[in-house]
Amino acid sequence: MTIPTPHLSHPKYRPDIDGLRSVAVLSVVGFHAFPYWIQGGFIGVDVFFVISGFLISTIIFENLERGTFSYAEFYARRIKRIFPALLSVLIASFSFGWFVLLADEYKQLGKHIASGAGFVSNLILWSEAGYFDNLADTKPLLHLWSLGIEEQFYIVWPFVLWFAWKRKFNLLTLTVIVTLISFSLNFKGIQQDSVATFYSPQTRFWELLSGSILAWLSIYRINTIFSLKLEIECWLTKVTRVFFKADGIALNNVISGIGSLFLAYGFWRISKEVGFPGRWAVIPVAGAILIICAGPEAWINRNILSNKLAVWFGLISFPLYLWHWPLLSFARIIEGDFPSRNIRIALVALSVILAWLTYKFIERPIRLKIGGGSKVFVLAVSMVLLGFVGYYTFAQDGFRTRKVNTKMGSAIVRLAGDDPQSHIDCLKTYSLEQENIRYCRLSGEGKPKIAIIGDSHGAALFKGLSQQLKNNFNEGLLMLGGQLFIDVANYHEGNPFEIDVYKGGIKATKFVAEEDSIDLVIMVSRGPRYITPERYISGKYNFYLLDDPSVKEKDKVFEIGMRRTLDLFISKNKRIIFVLENPTLNFDPSSCQNGRLFSSATNVDCLISRDKFLEEHKSYRDLVNAVLKDYPSVTLFDSARYLCDSKNCFGKVGGNILYGDRDHLSEAGSEFLAEFLIPYIRMVRH
């Protein structure tokens, strides 16, 4: 007689959880499409984390208890749940990108397809710019970072629970300890490196584990929780019978209401400037926990979250999450700027349609119908092959011989100097691992004699100048910074990461002054941003002297910081080249890629008025020139002399776009400007 193999049991279906999924996904879509309407919408991902942790842990706990847990069946179900929609979106993105993306863009897409297929997108994006960085808009698969964290959790957590169960460990105690460790790493990390904290699994797992704790309590302590609720409810009904009915769900109504208020407050109050996740992530996590804990009979859960429309959006939430961002991101790339409101509305509607079609005709049939074993094998092999295709695209530099419908061909638009490995090597070479220095790049062998200090504009110049130094002097280059001047604080209020950057930048500047191997310092920064921040930065920007915060005039702070830094370098016998800030474009440079398929945005000339640029930079340029009159040994390099003619300043030369965004140089721009900087270096050193 054949004994049937036990199958994984699943928790009882709760329509209100699907309704909560709809709140989560619609908030994320709203944030991406209409960021000024719902600035905290990105916390919907944190709600997803709690839901996932609760449901997955419920399955694991219950099946461990019954002796029916199977790794093979667990991961087979995950594959059938995740892979169909993900494969659809990855294939569609790869195919569409073939026709509209330039080589460097397609190369990056290939890398992100490979990382998405391998569920390590968060780790790859960690090494690139941050989630809230301007360039993030042009990464069609940016949103897969959250899927990477979830799948990493699904790989690690079932094994940990199984191992603990076999050895009779207390699963609740274990879950609480791991949750607290992860939360403490998150709380500490946000003050040191917000990008790493955002993408790192160890600083995000606590959100999923919070759902795990709730799952354990709902299974093993249900009677205790019910008794506690009943006692509190009886007390509440004695205090007032106006607001509560003695019908068994009064407290659940209160819990669900408080949870809903938490989420509403998070959507309204949390923004990308606050430093997220950190302590702010407690708000959406607590809100989701309270709503789930309240149960399906609470008024909000029963009447709002279990509404048919809310449940429908919850059912298509996963494919909707996958589809909406590539559509918006490709539109941003094609238009060369943030798409118009009508375009965004149309794309959101299209993403809903695609999500429904994916759910109805791809995801649901594959997940629920027969042929499970063969389906899992085909899905797994398909994902591996697609990952290989993505990697091959990356390795082939985005197929530069591919014909794109644009006169620009393979124009370079990538920001210059984005080399994470160089940062690591640089820190090790100079023993700066603990100095929190944001920009540390090193070219050549040994310790070079020339260093760039400054902010991200200095980092953008690094790529081209390091190549020019190699060609002309066979020398390397050090780029160190995050801040140009000593004794000056500059950061966006409410952003702990920027505080870390300016502190590390000050250390970097002082280090270069003390480093004996450096004899020439090139100073580069986005100076106008500090003197007139209201023109470039939203929100309050702090720019003050650390030893005298009473100095309120930002141009005075700039002057004092500049003089102190020059004095320090001169006292250490350093030769100095001060680079005046390059022009700032008033358009997205990608709009210069004329003729891109589907694009209505063209900027054939790719020019701005020289007079307009000089007017905007006047206070900055006048201040720098006035200070340098007192420092005749300092050489001034005016980048505008080479980026402008008598009438205009240009964003592209010879078919290559010189800017990666409105103010940072691209690789082509870095190489272009560095060629003119070499004669100045020769002059200063002889």
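Computed from a predicted structure; not experimentally measured. (Residues numbered from 1 in each chain as written. Predicted model: local features only at pLDDT ≥ 70, side-chain atom pairs only at ≥ 80, totals over all residues. Heavy atoms only, no water.)

So, about the overall build of the protein. Looking only at helices and strands, the protein features 26 helices and twelve strands. Within the protein, the proportion of its 686 residues that are buried is 58%. Put simply, of all contacts in the protein between residues at least 6 apart along the chain, 77% involve residues at least 24 apart. Here the protein has roughly 30200 Å² of accessible surface; of this, 59% comes from carbon and sulfur atoms. (Helix = DSSP H or I, 4+ residues; strand = E, 2+ residues; numbered from the N terminus. Buried < 20%, exposed > 50% of the residue type's maximum accessible area, 1.4 Å probe, protein only. Contact = heavy atoms within 4.5 Å. Areas by Shrake-Rupley, 256 points an atom, 1.4 Å probe, with all protein chains shown as cover.)

The next point concerns the packing of helix α3 (residues 71-100) against helix α4 (residues 103-117). Two elements in contact, α3 and α4, have axes separated by 10 Å at closest approach and are oriented at 170 degrees. By the angle class used here, α3 and α4 are roughly antiparallel. Here α3 contributes L86, L90, S93, F94, G97, W98 and V100 to the contact with α4, which in turn contributes E105, Y106, L109, I113, G116 and A117. (Axes fitted to C-alpha atoms, helices over the stretch in contact; angles between N-to-C directions. Parallel < 35°, antiparallel > 145°, perpendicular 65-115°, else oblique.)

Inspection of every chain in the model, using the stated rule, returns 19 salt bridges. Across the salt bridge formed by D18 and R21, the nearest N and O atoms sit 2.7 Å from each other. One end of the pair, D18, and the other, R21, are both in helix α1 (residues 15-33), three residues apart, so they sit about a helical turn from each other. Side by side, D18 and R21 carry an identical accessibility label, which is buried. With a shortest N-O distance of 2.7 Å, D622 and K618 are connected by a salt bridge. Separated by four residues within a single helix, D622 and K618 lie in helix α24 (residues 618-628), roughly one turn from each other. On the accessibility criterion, D622 (42% relative accessible area) is partly exposed. Owing to a relative accessible area of 49%, K618 belongs among the partly exposed residues under this scheme. (Salt bridge = Lys/Arg side-chain N within 4 Å of Asp/Glu carboxyl O.)

Moving on, we come to the sheet that holds strand β2 (residues 450-454). With mixed pairing, six strands are arranged side by side in an open sheet as β1-β3-β2-β5-β7-β9. Looking at strand neighbours, the two that pair on one side only are β1 (439-443) and β9 (635-638), the edges of this open sheet. Each strand axis lies, on average, 20 degrees off the axis of its neighbour in the sheet, ignoring direction. The pairing of strand β5 (residues 520-524) with strand β7 (residues 575-580) spans four bridges and is parallel. Bridge pairing in β7 places I522 opposite I577. Its contacts with the sheet put α24 on β7 and β9, and the angle it makes with β7 is roughly 160 degrees. (Pairing = 2+ DSSP bridges.)

Here we come to the state of the cysteines. Summed over all chains, the structure comprises two disulfides. One disulfide in the model links C426 with C440; its S-S distance is 2.0 Å. The S-S bond linking C426 to C440 shows a torsion near -75 degrees; that makes this disulfide left-handed. Here C440 lies in strand β1 and C426 lies in helix α18 (residues 420-429), a separation of 14 residues in the sequence. For C426, a relative accessible area of 0% puts it in the buried group. Relative accessible area serves as the criterion here: at 0%, C440 is assigned to the buried category. One disulfide in the model links C644 with C649; its S-S distance is 2.0 Å. Around the S-S axis, the bridge from C644 to C649 shows a dihedral of about 95 degrees and counts as right-handed. (Disulfide = S-S within 2.5 Å.)

Attention now moves to the pairing of β5. Among the five residues that make up β5, five are buried, leaving the element largely enclosed by the rest of the structure. On β5, burial covers both faces: L520, I522 and V524 on one face and V521 and M523 on the other are all buried. As paired strands, β2 and β5 are joined by five bridges and run parallel to one another. Paired with I453 across the bridge in β5 is M523.

For α1, built from 19 residues, the straight-helix expectation of 27 Å at 1.5 Å per residue is met to within 8% by its first-to-last C-alpha distance of 27 Å. Summarising burial for α1: 16 of the 19 residues are buried, a large majority. (Expected span 1.5 Å × (residues − 1).)

Glancing now at the packing of aromatic side chains. What the rule picks out here adds up to 43 aromatic pairs. Centroid distance F74 to Y75: 5.1 Å. Interplanar angle 80 degrees. Geometry classified as edge-to-face. Given a relative accessible area of 3%, F74 falls into the buried group. Relative to W206, the ring of F183 lies with its centre 4.9 Å away and its plane at 80 degrees, an arrangement referred to as edge-to-face. Placement of the pair is F183 in helix α7 (residues 171-189) and W206 in helix α9 (residues 205-220), with a sequence separation of 23 residues. W206 sits in the buried class, given a relative accessible area of 4%. Each residue in the set F69, Y71, F74, Y75, F159, W162 and F163 is aromatic and connected to the rest through ring pairs, giving one cluster. Over the face of the ring belonging to F473 we find R685, whose NZ or CZ atom lies 5.8 Å from the ring centre. (Phe/Tyr/Trp six-rings, centres within 6.5 Å; stacked < 30°, edge-to-face > 60°. Lys NZ or Arg CZ within 6 Å of the ring centre and 35° of its normal.)

So, on to unusual backbone geometry. Cis geometry marks the peptide bond from F276 to P277; its omega dihedral reads 10 degrees. When you line up the elements, P277 lands in the loop between α11 (250-269) and α12 (282-294). For D397, which is not glycine, the phi dihedral falls at a positive 55 degrees. By the element assignment, D397 lies in the loop between α17 (372-395) and α18. A positive phi is found at N573, a non-glycine position, where the angle reads about 60 degrees. Position of N573 among the secondary structure elements: in the loop between α22 (554-571) and β7.

Attention shifts here to the environment of F613. Its location among the elements puts F613 in helix α23 (residues 610-616). Along the primary structure F613 and N648 are separated by 35 residues, whereas in three dimensions their C-alpha atoms are 8.9 Å apart. Setting aside residues no more than four positions away along its own chain, F613 makes contact with E581, N582, P583, T584, I608, R621, A640, C644 and C649.

This part covers the side chain of T584. Mapped onto the elements, T584 comes out in the loop between β7 and β8 (607-609). Exposure remark for T584: the relative accessible area of 12% places this residue in the buried category. Every residue in contact with T584, bar those within four places of it in the chain, is listed here: Y536, I608, F613, H617, R662 and D663.

The end-to-end C-alpha separation of α12 is 18 Å, in line with the 18 Å expected for 13 residues at 1.5 Å each. Regarding α12, the residues found buried are I283, P284, V285, A286, G287, A288, I291, I292 and A294. The positive-phi residue at the C-terminal boundary of α12 is G295, with phi of around 90 degrees.

When the pLDDT values of the protein are averaged, the result is 87; 87% of them are 70 or greater. A low-confidence stretch, residues 239-247 (pLDDT under 50), is modelled with eight contacts involving residues beyond four sequence positions or located in other chains. Segment residues 405-413: pLDDT under 50, and 38 contacts once partners within four positions in sequence are set aside and those in other chains are kept. (pLDDT = per-residue confidence, 0-100.)

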